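Spelled out from the first residue to the last, the chains are:
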Amino acid sequence: MTTDNLNISETSSTPAIQANWEDGTVHMQGDSYPENSFELFQPVIDWVERFLREAKRPLRLELDLLYLNTSSIRALMDILDMLEEAHTRGTGISAVWRYDAANERVGQLAEEFKEDCTFPFEITART
Amino acid sequence: MSSRPDDDELDQRIETLLRAEHDGNPLRPALEALFDRYRTQQRLLDRLTRISDHFQQAERDRGLNYADRYQRKVRQIEKIVRISDRYQTMLRELNDRLHLISTRDELTGLPNRRYLLERLDTEISQVARNGGTFSVGLADIDHFKSVNDTRGHAAGDAVLAHTARCIQDSIRDYDVCARWGGEEFLILFPQCAEDDAFRLAERVRHVVEDQTRALGLSPAITLSIGVTEFQPGESLDATLKRADDALYRAKEAGRNRTVGSAPDGA
């Protein structure tokens, strides 16, 4: 990989994904029901892995996700597991999940994802 | 691995014997060689046992590690399933809501025109397949425009909602009334010939009028209704056109009445 940043455009079935090496942020926004979730998320997983290995700096995950299909749920859980591991090794990790206040269910689902994470994980309703 | 006490005792006895001066005893070199071989064997056995124990321990750790990883995977899959189910529930509820929104008239809560058109298509298919018949009644609130003009749109909306409730309460469970547009309602009377539909429409008309009189509304809300029966082979448009014509005649004849589409209908 030559570029340090990741920039995947949003489609009707996949979220917009930006990973910024300089800022140490990963941002995902939109719906996620890709036909091939491996194809979509592997670059993200690789990027996070490389950042945690090489950057030695805090990493922040920002999520504005609405609907996730099953394989996307799995990929996101893998990413959260990686972050949790980095957190226990002492890397500064934080996450935020923003959702529309009108859709309280999304907030409840974010809570489910948060369950096994011990790093700071904010869930905030947008009004 | 330590030897048993008996072994230790025997070892000591032999060591004592070998230390003592027994030159010339032909058994001594043999005993010495044998004891030496025994010692070597003993050390070998100890080492073998230790190595074997290590292997067993490693295998055991590996097994536990697998079990641990397996448990973690199971937990992860259970969690994925749980979250996935909740997403599905969310989508299903959204789907139900969209379905409701797309088939209901917001103001009156009645089924909307789109819903009834689909129902009428189904009804026509059923009549074509199984025989039987059905009728429709097109009802229009009399002088509705003047309600809107003199008492405002909020009052007009209230009249529409009230009329819708009256109609809904006065039809049979399997009849369907939809808000057809403006102040028009279309009622489907399944398995009903025109004369029966006529009687049912009259009941609706009376209920609406009586209810509004009971509320003290002045002038009372009344309906004009055109009723017609579906004719096998004709298009839905043809049926609706006949109901519309009958409604027109009801208005022409002075309103607050039901008119059928039969040649001598009324």
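The structure we're discussing is the one just above.
In this text, all values refer to a predicted model and were calculated from it rather than measured experimentally.

**Student:** So what exactly am I meant to see when it comes to the overall build of chain B here?
**Tutor:** Per the secondary structure count, chain B includes 6 helices and 5 strands. Taken from N to C terminus, the helices and strands of chain B fall in the order α-α-α-β-α-β-β-α-β-α-β. The C-alpha atoms of chain B give 48 Å as radius of gyration, which overshoots the globular expectation for 266 residues (18 Å, by more than 25%). The dimensions of chain B, computed from C-alpha atoms along their principal axes, are 150 × 45 × 25 Å. When the 266 residues of chain B are sorted by exposure, 36% land in the buried category. Restricting to contacts in chain B with at least 6 residues of sequence separation, those with at least 24 account for 64%. Summing over all exposed atoms, chain B offers an accessible surface of approximately 16,900 Å²; the carbon and sulfur share of this is 52%. For chain B, the distance from the average position of its 40 positive side-chain charges to the average position of its 46 negative side-chain charges is 3 Å.

**Student:** What should I look at first to understand the sheet that holds strand β1 (residues 134-141) of chain B in this one?
**Tutor:** Adjacent strands of a sheet form backbone hydrogen bonds with each other and so pair up, either parallel or antiparallel. Residues and elements named next belong to chain B. Taken in spatial order, the 5 strands make up an open sheet running β2-β3-β1-β4-β5, and their pairing is mixed. The sheet is open, and its two borders are formed by β2 (176-181) and β5 (258-260), each paired with just one other strand. The sheet shows a mean angle of 20 degrees between the axes of neighbouring strands, direction not considered. The pairing of β1 with strand β4 (residues 223-229) spans 7 bridges and is classified as antiparallel. Paired with D140 across the two strands is S224, which belongs to β4. Taken strand by strand, helix α5 (residues 194-214) contacts β1, β3 (184-190), β4 and β5, and its axis lies near 165 degrees from that of β4.

**Student:** Would you mind going over the side chain of E234 of chain B with me for this structure?
**Tutor:** Residues and elements named next belong to chain B. Position of E234 among the secondary structure elements: in the loop between β4 and α6 (236-252). You can call E234 buried: its relative accessible area is 18%. Polar side-chain contacts of E234 include one of 2.8 Å to the side chain of T239. There is a polar contact of 2.8 Å between the side chain of E234 and the side chain of R242. Ignoring sequence-local partners within four residues, the contact set of E234 consists of E229, T239 and R242.

**Student:** Can you help me understand the nonpolar core in this one?
**Tutor:** The tendency in soluble globular proteins is for nonpolar side chains to be buried as a group. M28, L83, W97 and F113 of chain A together with Y87 of chain B are the most contacted members of the largest nonpolar core, which totals 45 residues. Elements with a minimum of two residues in this core: β2 (16-20), β3 (25-32), α1 (37-54), β4 (59-68), α2 (70-88), β5 (93-100) and α3 (104-114) of chain A together with α2 (27-103) of chain B. At 9 residues, the largest contribution of residues to this core is made by α2 of chain A. Setting aside residues no more than four positions away along its own chain, L83 of chain A makes contact with V48, L52, L59, L61, I93 and F119 of chain A. The next biggest cluster of nonpolar side chains, apart from the first, holds 25 residues, and it includes V159, C166, A201 and V204 of chain B.

**Student:** Honestly, the interface of chain A and chain B in this entry has me stumped. Any pointers?
**Tutor:** When the parts come together, some accessible area is lost, and that loss is often what is quoted as the size of the interface. Listed by partner, the interface residues are 19 residues for chain A and 14 residues for chain B. Here chain A packs against chain B, burying approximately 1,700 Å² in sum over the two surfaces, 56% of which is carbon and sulfur. On the chain A side of the contact with chain B, R105, L109 and E112 of chain A bury the most area, a combined 35% of that side's loss. Elements represented by at least two residues in the side of chain A that touches chain B include exactly β4, α2 and α3 of chain A. The class makeup of the residues in the side of chain A that touches chain B is 9 nonpolar, 3 polar and 7 charged.

**Student:** I tried to follow the pattern of salt bridges on my own but got confused; where do I start?
**Tutor:** Close approach of charged atoms allows side chains with opposite charge to pair. Residues and elements named next belong to chain B. For the coordinates displayed, the defined rule picks out 29 salt bridges over all chains. Here K251 and D140 are joined by a salt bridge, their closest N and O atoms 2.8 Å apart. Linking K251 in helix α6 with D140 in strand β1, this pair joins segments that are 111 residues apart in sequence. For D140, a relative accessible area of 10% translates into the label buried. A salt bridge links R199 to D196, with the nearest nitrogen and oxygen atoms 2.5 Å apart.

Basis of the calculations
Residues numbered from 1 in each chain as written. Chains lettered and ligands numbered in written order. Predicted model: local features only at pLDDT ≥ 70, side-chain atom pairs only at ≥ 80, totals over all residues. Heavy atoms only, no water. Helix = DSSP H or I, 4+ residues; strand = E, 2+ residues; numbered from the N terminus. Rg over C-alpha atoms; globule rule 2.2 N^0.38 Å. Buried < 20%, exposed > 50% of the residue type's maximum accessible area, 1.4 Å probe, protein only. Contact = heavy atoms within 4.5 Å. Areas by Shrake-Rupley, 256 points an atom, 1.4 Å probe, with all protein chains shown as cover. Lys, Arg positive; Asp, Glu negative; His and termini not counted. Charge placed at Lys NZ, Arg CZ, Asp CG, Glu CD. Pairing = 2+ DSSP bridges. Axes fitted to C-alpha atoms, helices over the stretch in contact; angles between N-to-C directions. Polar contact = N/O pair within 3.5 Å; in protein donor to acceptor, adjacent residues only side chain to side chain. Core = buried A, V, L, I, M, F, W, Y, C linked by side-chain atoms within 4.5 Å. Buried area = accessible area lost by both parts, 1.4 Å probe. Nonpolar A, V, L, I, M, F, W, Y, C, P; charged D, E, K, R; others polar. Salt bridge = Lys/Arg side-chain N within 4 Å of Asp/Glu carboxyl O.

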